[in-house]
Amino acid sequence: MEDEIDLREYFAVMGRRRWTIIGVFLVAVIVAAVVSFFVLPPVYEASLLLQPARGSGDVYADPNGLSSVLESEGFINRAASRIGLNPRSASFSVKATVVRNTQLVRLSVRAGDPDLAARVAEALAGLVVEESRPSIEQKRQTIQRQLAEISRLLETTAKTTADLRGIVEPLLRQAGSTVEGVITRSYVANVLGTTDAFYNALLSAQGNLNLQMTDLQPVKLLGVQRSAELVAPRKTLNVALAAVLGLMAGVMVAFFQEFLSAPRPEAAPASAPRTHDS
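Residues numbered from 1 in each chain as written. Predicted model: local features only at pLDDT ≥ 70, side-chain atom pairs only at ≥ 80, totals over all residues. Heavy atoms only, no water.

Caption draft 1: How the structure looks around the overall build of the chain. Along its length, the chain carries 7 helices and 5 strands. Along the chain direction, N to C, the helices and strands of the chain fall in the order α-α-β-α-α-β-β-α-α-β-β-α. Burial statistics for the chain: of 278 residues in total, 27% are counted as buried. When contacts within the chain are restricted to residue pairs at least 6 apart in sequence, long-range pairs at least 24 apart make up 79% of them. Split by element, the accessible area of the chain, about 18,500 Å² in all, is 59% carbon and sulfur. (Helix = DSSP H or I, 4+ residues; strand = E, 2+ residues; numbered from the N terminus. Buried < 20%, exposed > 50% of the residue type's maximum accessible area, 1.4 Å probe, protein only. Contact = heavy atoms within 4.5 Å. Areas by Shrake-Rupley, 256 points an atom, 1.4 Å probe, with all protein chains shown as cover.)

See below:
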């Protein structure tokens, strides 16, 4: 019963102080709307995804290394110069992060102009793809030389094996089943087995190199956000938060006013001291 009485008293206070609550609420909403719509500058963001290089073994093949390159001052300056921007006068920010549980890198550029954000993002992506190609090409040339050497060894080994078989097979037929023939046949089998094993190892190495050649790839652009999006200020969210906080603040002010206006209990007058007649 006491709880019900207390709740009624609370609602009665809010009813008496409703204009205070409404006033604080409106002030908070109006201030938040004015600041969000007319004071805070708009911020636009253009983002894209990059896949690190494959097979190069350098900084462009590592997601964290690629992120560091994209955020480095020298790299940003080179990219800005390519599109005719002065990094000191142009206002934009660059952030590169590794997408969680993937090997992909998200590149985000924020600026007050949506066109500027998109241009800078595309310039950074184009430059990092271009600068990752020389190491890939160098790796490709190295593999091509190795493949050429393996092809030469395969041809030589095949010819040597064929020549060896042509020489020893007539000798083995002549040796028959004598002790010397058995020993000769065992020796030749070991030699041919070693040659075949070497040939198969060359074939395996050739297959691995071909796979490496196929896997070689510079940094790859997976997707571009053609138009930058407005990311700040979040006008609707700001106004909504201001409304909630304004309502809470209005209720607090109302109860504080009620506390100040409540009558104070008067102190009881002090009683006169008693005297005893002698």
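Caption draft 2: Broad picture of the pattern of salt bridges. This model, assessed by the stated rule, comprises 7 salt bridges. Note that R78 is salt-bridged to E131, the shortest N-O span being 3.1 Å. One end of the pair, R78, is in helix α4 (residues 73–82); the other, E131, is in helix α5 (residues 114–175), with 53 residues separating them in the sequence. By relative accessible area, E131 is classed as partly exposed at 24%. With its nearest N and O atoms 2.5 Å apart, the salt bridge here joins E149 to R152. Taken together, the positions of E149 and R152, both in helix α5 and 3 residues apart, correspond to about one turn of that helix. (Salt bridge = Lys/Arg side-chain N within 4 Å of Asp/Glu carboxyl O.)

Caption draft 3: Highlighting the nonpolar core. Core analysis: the biggest nonpolar cluster contains 43 residues, and L70, L124 and V128 have the highest contact counts within it. Listed by contribution, the elements that provide at least two residues to this core are β1 (43–51), α3 (63–71), α4, β2 (92–98), β3 (105–111), α5 and α6 (179–215). Counting residues per element, this core draws most heavily on α5, which supplies 16 residues. Not counting residues up to four positions away in its chain, the partners in contact with V128 are L50, Y60, L66, L70, F75 and V219. (Core = buried A, V, L, I, M, F, W, Y, C linked by side-chain atoms within 4.5 Å.)

Caption draft 4: Here's a closer look at the environment of A249. For A249, the location among the structural elements is in helix α7 (residues 235–261). Remark: the alpha-carbon pair of A249 and F25, spanning 224 residues in sequence, is separated by 7.7 Å.

Caption draft 5: Examining the pairing of β2 more closely. As paired strands, β2 and β3 are joined by 7 bridges and run antiparallel to one another. Counted as the bridge partner of T97 is R106 from β3. Linking β2 back to β3 in an antiparallel pair, the connection comprises 6 residues, with N101 at a positive phi of about 65°. (Pairing = 2+ DSSP bridges.)

Caption draft 6: Just the pairing of β3, in detail. Among the 7 residues of β3, 5 are classified as buried, and the element is accordingly described as predominantly covered. For β1 and β3, the ladder comprises 7 bridges, and the chain directions are antiparallel. Counted as the bridge partner of L48 is L107 from β3.

Caption draft 7: Spatial organisation of the confidence of the model for the chain. Chain-level pLDDT for the chain is 84 on average; 85% of the residues reach the 70-or-more range. Summarising per-element confidence for the chain, the mean pLDDT is lowest in helix α1 (residues 2–16) (72) and highest in α3 (93). (pLDDT = per-residue confidence, 0-100.)

Caption draft 8: Local environment of the environment of I150. Examined against the element boundaries, I150 turns out to sit in helix α5. On a C-alpha basis, the gap between I150 and Q206 in space is 6.7 Å, while along the polypeptide they are 56 residues apart.

Caption draft 9: Structural detail: unusual backbone geometry. Residue P233 is reached from A232 by a cis peptide bond, and omega for that bond is -5°. Among the secondary structure elements, P233 is positioned in the loop between β5 (229–232) and α7. Of note, the phi angle at N101 is positive, near 65°, even though the residue is not glycine. Among the structural elements, N101 can be located in the loop between β2 and β3.

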